[in-house]
Amino acid sequence: MTSPQSSPQGSSAAAELIARSNRLGSDPKNTNYAGGNTSAKGTETDPVTGEPVELLWVKGSGGDLGTLKESGLAVLRLDRMRALVGVYPGLEREDEMVAAFDYCLHGKGGAAPSIDTAMHGLVDAAHVDHLHPDSGIAIATAKDGQELTATIFGDQVVWVPWRRPGFQLGLDIAEIKEKNPQARGCILGGHGITAWGDTSAEAEEASLWIIDTAAAHIAEHSKAEPFGPPLEGYGALPAEERRARAAALGATIRGLASTDRAMVGHFTDADVVLDFLAASEHPRLAELGTSCPDHFLRTKVKPLVLDLPASATIEESIARLKELHVAYREDYQGYYDRNAVADSPAIRGADPLVVLVPGVGMFSYGKDKQTARVAGEFYVNAINVMRGAEGLSTYAPIDEAEKFRIEYWALEEAKLQRMPKPKPLAGRIALVTGAAGGIGKATATKLAAEGACVVVADLDLARAQAAAAEIGGSDVAVGVAADVSQESAVQAMVDAAVLAFGGVDLVVNNAGLSLSKSLLETTEADWDLQHNVMAKGSFLVSKAAARVLIDQGMGGDVIYISSKNSVFAGPNNIAYSATKADQAHQVRLLAAELGEHGVKVNGVNPDGVVAGSGIFASGWGANRAAVYGVEEKDLGKFYAQRTILKREVLPEHIANAVFVLCGPDMTHTTGLHVPVDAGVAAAFLR
Ligand SMILES: NC(=O)c1ccc[n+]([C@@H]2O[C@H](COP(=O)([O-])OP(=O)(O)OC[C@H]3O[C@@H](n4cnc5c(N)ncnc54)[C@H](O)[C@@H]3O)[C@@H](O)[C@H]2O)c1
Ligand SMILES: [Zn+2]
């Protein structure tokens, strides 16, 4: 008996399907991120009976076609899947069929079957693609989409009026395929396309043909200015200016978008966005909202659009954005109230997820960076769709009630409820200075592990980027170069954080360096260097970051990595310890000053962190070892023996303390210093 894995027919069908899906999904013209699904049917040997069994491999719920792997496929028995037609209770109860798919699974079934499984299983073709191409959706959302479909494709592509995805849509498409044997696929009104073929190559060809033919038709027949003539004063600002404005507005906008819950942001000033905002029809079109069912959960039904020209001042823009935000929330609440029924899920928050600023660009938001970025990508898809639809006809997305049925679909809600509990720092953005190594890197690593996005700042860009890359991809950590002793560099660093992740919540003043010299040996330059990097540097960072924290209105934390030496007095330490004492008092001063904005300011006093510390590696360690009469390699152990707990202090221990101070449990503590030194009685705080 052949096992399913070794069956040549079955495994080759799945392998072909993966290859085709990856090809289709990796070209953004074919489908939006994580949008669409593909399937193949084939025969394997049933391990129970030894008889052949017909199977359906279909992309499971979630996941992206471009990176689909075999583990992302649901595997169902075709006979049982098709037998569901006999028990289908009708449109009103079609959602129940999703649970019924579980009874059709082959073996362990692979990934969870998605809502589109019926379409793939019921259509009588060995290979089926369902995609969300901008060009196809442009036809699907054009007011006269049905006529356009006939004009563009003749009888090769059939128009299917809008219907929410589900079992009934699967039945509809199966019937269309049966009645139109010449057809290669269909345009799903308000939604996307479905194409099929007897072989994988035939399905792929049909998909690409529909996508490319629609795009070519739009290119050839579109009116010259689909978004209308230019709107005076709404054109793109020069690149540098719009980035500066985005940074200046970003914190306020993130604060508004986070009224219900903390959001991470994404910013783009791509031409496609700027061109849309520069044209006269953008207010009307933006108000009509997005259309493809994939979009609503990520973009909300419509964006917030600043209705001021690019020449408006920052103050005018902020004042207007605040008014528009109030109006947006009222409008969204109205949409919810108009459409919700008794068993609708509760409102999920009324803040916009996409905010458009003419001349500047688009801010998009999500619970994490990836979600925020994809929301922005989806709105770019929506702009492309609107351009195509308006170019040929009039953009006419599905109506509000249908949008609501998707956004607040019980099945979507169930998916959201199944999501793992967010990490403690999810939605928060950390900025750690001196984070390319030592305590700073350990801190950035810890904060990222607890769910924060982190900006890794250090003197050397390559080192900062390398540390960021070790922590995670660009959705988790980015490296920036900044000398904290230079005001302009500090501002650029904070701006970079706002542009990368939307703002800043957790600021860790960690950058530092240490010279161990006696009073008589300490030069003026030594003194200035230590004070410039630590006392002045952390002042500059706190100041630039505080503006963001205040604009956001979301509270936040400033944490100083001070030192045991801020309170302990010993020889050969005048410049370092004095500047550490300065930092320690900044903690108290800023705790007193920033409390009214909900910002907590605390410090950590480490001591004897030898392992991983650049400070120790670059001479300080050798010097200390000489002072204490031990070998440099034994310095960590030597320090441990001096402590009350006799434990060596590692960078991770400092990082853990930072997390506790800014994590969810320490909400009522400000102005505190936490010693992380394994117990040094001479540095006890009192
Ligand atoms: N290691 C310890 O035992 C210990 C004890 C008490 C306090 N601290 C403090 O902890 C912090 C981190 O120290 P570490 O031991 O990890 O040392 P480290 O040398 O490994 O890390 C310090 C980082 O700060 C960066 N830096 C230096 N000057 C900078 C500037 N002008 N702008 C931006 N970045 C700059 C360095 O490039 C380096 O990556 C320092 O403030 C230090 O004083 C360390
Ligand atoms: Zn779809």
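This text goes with the structure placed above it.
Residues numbered from 1 in each chain as written. Chains lettered and ligands numbered in written order. Predicted model: local features only at pLDDT ≥ 70, side-chain atom pairs only at ≥ 80, totals over all residues. Heavy atoms only, no water.

Draft legend 1. Summary view of the coordination of the zinc ion (ligand 2). Surrounding the zinc ion (ligand 2) are the protein donor atoms His130 (NE2), His132 (NE2) and His191 (NE2), at 2.0 to 2.1 Å. Spacing between the donor residues of the zinc ion (ligand 2) along their common chain follows H-x1-H-x58-H. Here His191 lies in the loop between strand S7 (185–188) and strand S8 (192–197) and His130 lies in strand S5 (residues 127–131), a separation of 61 residues in the sequence. Each member of the pair, His130 as well as His191, is classed as buried. (Donors = N, O, S within 2.8 Å, 3.2 Å for Na, K, Ca; no water. Helix = DSSP H or I, 4+ residues; strand = E, 2+ residues; numbered from the N terminus. Buried < 20%, exposed > 50% of the residue type's maximum accessible area, 1.4 Å probe, protein only.)

Draft legend 2. Spotlight on the sheet that holds strand S15 (residues 477–481). One open sheet accounts for 7 strands, arranged S15-S14-S13-S16-S17-S18-S19; its pairing is parallel. Looking at which strands have only one partner, the edges of the open sheet turn out to be S15 and strand S19 (673–676). On average, adjacent strands in this sheet sit at an angle of 20° to one another, irrespective of strand direction. Of the pairings in the sheet, the one linking strand S16 (residues 506–509) to strand S17 (residues 556–561) comprises 4 bridges and is parallel in character. Bridging from a neighbouring strand, Leu506 pairs with Asp557 of S17. Against the sheet, helix H21 (residues 574–594) touches S17, strand S18 (599–606) and S19, its axis set at about 160° to S18. Across the sheet, helix H24 (residues 651–662) lies against S16, S17, S18 and S19, angled at about 160° from S18, the strand it touches most. (Pairing = 2+ DSSP bridges. Axes fitted to C-alpha atoms, helices over the stretch in contact; angles between N-to-C directions. Contact = heavy atoms within 4.5 Å.)

Draft legend 3. Layout of the packing of aromatic side chains. As enumerated under the stated definition, the model contains 14 aromatic pairs in all. With a centroid separation of 5.0 Å and an interplanar angle of 75°, the aromatic rings of Phe227 and Phe276 are classed as edge-to-face. Placement of Phe227 in the loop between helix H8 (200–221) and helix H9 (239–257) and of Phe276 in helix H10 (residues 271–277) is noted, with a sequence separation of 49 residues between them. When sorted by exposure, Phe227 lands in the same class as Phe276, which is buried. On the numbers, 5.3 Å between centres and 50° between planes, the contact of Tyr332 with Tyr335 is tilted. Of the two residues, Tyr332 and Tyr335 are both situated in helix H13 (residues 314–339); the distance of 3 residues between them amounts to about one turn of the helix. For Tyr332, a relative accessible area of 3% gives the class buried. (Phe/Tyr/Trp six-rings, centres within 6.5 Å; stacked < 30°, edge-to-face > 60°.)

Draft legend 4. Representation of the pairing of S7. By the alternation rule, side chains of S7 split into Gly185 and Ile187 and Cys186 and Leu188, which are all buried. Note that the unit made of strand S6 (residues 157–160), helix H7 (residues 167–179) and S7 has a crossover that is right-handed. As defined by bridge partners, S7 adjoins S8 across 4 bridges and the pair is classed as antiparallel. Within S8, the position partnered with Cys186 by the bridge is Thr194. Counted between consecutive antiparallel strands, the loop separating S7 from S8 contains 3 residues, among which Gly190 sits at a positive phi close to 70°. (Right-handed = clockwise from strand over helix to strand, strands pointing away.)

Draft legend 5. Spatial organisation of the pattern of salt bridges. Counted by the stated rule, this structure contains 38 salt bridges. The partner of Glu96 in a salt bridge is Arg93, and the shortest N-O contact between them spans 2.9 Å. Given a relative accessible area of 45%, Arg93 falls into the partly exposed group. By sharing partners, the salt bridges in this structure join Asp27, Lys29 and Asp212 into a single network. (Salt bridge = Lys/Arg side-chain N within 4 Å of Asp/Glu carboxyl O.)

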